Amino acid sequence: MATTSPTVGHIATDPLRNFKFQVQIQHPDIKGFARMGFMSVSGLNVTTEVIPYREGGMNTTTQKMPGQSDFAPITLSKGLAVGDSQMMDWMRQLFTVIQGTGNGKAGSEFRHMVDIKVLDHPVTSGNTPAKAAFRVYNAWPTAVAFSDLDAGANAIIVQQMTLAHEGFEFKLANSVGASSVNF
């Protein structure tokens, strides 16, 4: 009879789980905004335009050069809870800049850095290391939205915030185990 022993060798080849993550918004003016729990983060992608051109004498195919890169807006979603007004507070700060109204201080910076960390899984004890991380630069809210109200539904109110930004950096841990990726 063959016997086997449990191993963790497969963990080195397992893909990262998408359900265990943490969002940190580095915003000194809005209380409690530094670390918030979100149920989803979407829009982490970059696209570079293609510039096709042709040269005289080489007209059978077009050559292609990289053009301008653009980063898609990022959408953060979470359930609405009593006392949780950070998303609207950030949006109101933007109003101060746009039209001189709102609750922000004149001249305050409305753009902030956002860190999104994908946490290791499974972890049975101790601190959970981050195995992948995105650092989003100069993010600011372009929209805040709330889910529909429906007396016949069995659901929660979900609030969403869409962020414009000027790019992100991505880092991935080199190994499994206790090592963590940081910026």
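Keep in mind that this is a model prediction, so the values were computed, not measured.

Tallying secondary structure elements over the chain gives one helix and 10 strands in all. Along the chain direction, N to C, the helices and strands of the chain fall in the order β-β-β-β-β-β-α-β-β-β-β. For the chain, with 183 residues in total, the buried portion stands at 30%. Excluding contacts between residues fewer than 6 apart, the proportion of contacts in the chain whose partners are at least 24 apart in sequence is 63%. In the structure as shown, the chain presents an accessible area of about 11900 Å², 54% of it carried by carbon and sulfur atoms.

With the rule as written, the count across this model stands at four salt bridges. Among the salt bridges present, the one from Asp89 reaches Arg92, with a minimum N-O distance of 2.8 Å. Pair noted here: Asp89 and Arg92 are both in helix α1 (residues 86-99), with a separation of three residues, about one helical turn. Judged by relative accessible area, which is 19%, Asp89 ranks as buried.

What follows is about the nonpolar core. Nonpolar side chains tend toward joint burial in soluble globular proteins. Counting residues in hydrophobic clusters, the biggest one holds 20 residues, and the most contacted among them are Ile25, Leu76, Val114, Val136, Met161 and Leu163. Listed by contribution, the elements that provide at least two residues to this core are β1 (21-26), β6 (74-79), α1, β7 (112-119), β8 (130-146) and β9 (158-164).

As a further point, take unusual backbone geometry. Of note, Asn138 is a non-glycine position whose phi angle comes to about 55°, a positive value. Relative to the helices and strands, Asn138 is located in strand β8.

Among the surface-exposed residues, Leu80, Phe146, Leu149 and Ile157 lie close enough to one another that they form a single nonpolar patch of about 390 Å² accessible area. You can see Leu149 is positioned in the loop between β8 and β9.

This part is about the confidence of the model for the chain. Taken as a whole, the chain shows an average pLDDT of 85; of its residues, 84% reach a score of 70 or greater. Ranking the elements of the chain by mean pLDDT puts strand β2 (residues 35-36) last, at 68, and strand β3 (residues 40-42) first, at 97.

With that settled, the discussion passes to the pairing of β6. In terms of burial, β6 is a largely internal element, five of the six residues being buried. Relative to β6, β3 runs antiparallel, the two being bridged by three bridges. By the bridge assignment, Val41 is partnered in β6 with Leu76. The pairing of β6 with β9 spans six bridges and is antiparallel. Paired with Ile74 across the bridge in β9 is Leu163.

Attention now moves to α1. With 14 residues, α1 should reach 20 Å at 1.5 Å per residue; the first-to-last C-alpha distance of 20 Å fits that figure. Of all the positions in α1, only Gln86, Met87, Asp89, Trp90, Met91, Gln93, Leu94 and Thr96 are classed as buried.

Right, let's talk about the environment of Lys78 for a bit. Counting through the fold element by element, Lys78 comes out in strand β6. Taking the C-alpha atoms as reference, Lys78 lies 9.7 Å from Ile156; in sequence the two are 78 residues apart. Here the side chain of Lys78 touches Asp84 through a polar contact of 2.9 Å, side chain to side chain.

The rules behind the values
- Residues numbered from 1 in each chain as written.
- Predicted model: local features only at pLDDT ≥ 70, side-chain atom pairs only at ≥ 80, totals over all residues.
- Heavy atoms only, no water.
- Helix = DSSP H or I, 4+ residues; strand = E, 2+ residues; numbered from the N terminus.
- Buried < 20%, exposed > 50% of the residue type's maximum accessible area, 1.4 Å probe, protein only.
- Contact = heavy atoms within 4.5 Å.
- Areas by Shrake-Rupley, 256 points an atom, 1.4 Å probe, with all protein chains shown as cover.
- Salt bridge = Lys/Arg side-chain N within 4 Å of Asp/Glu carboxyl O.
- Core = buried A, V, L, I, M, F, W, Y, C linked by side-chain atoms within 4.5 Å.
- Patch = residues over 30% accessible without salt bridge, like charges linked within 9 Å, V, L, I, M, F, W, Y side chains within 5 Å.
- pLDDT = per-residue confidence, 0-100.
- Pairing = 2+ DSSP bridges.
- Expected span 1.5 Å × (residues − 1).
- Polar contact = N/O pair within 3.5 Å; in protein donor to acceptor, adjacent residues only side chain to side chain.

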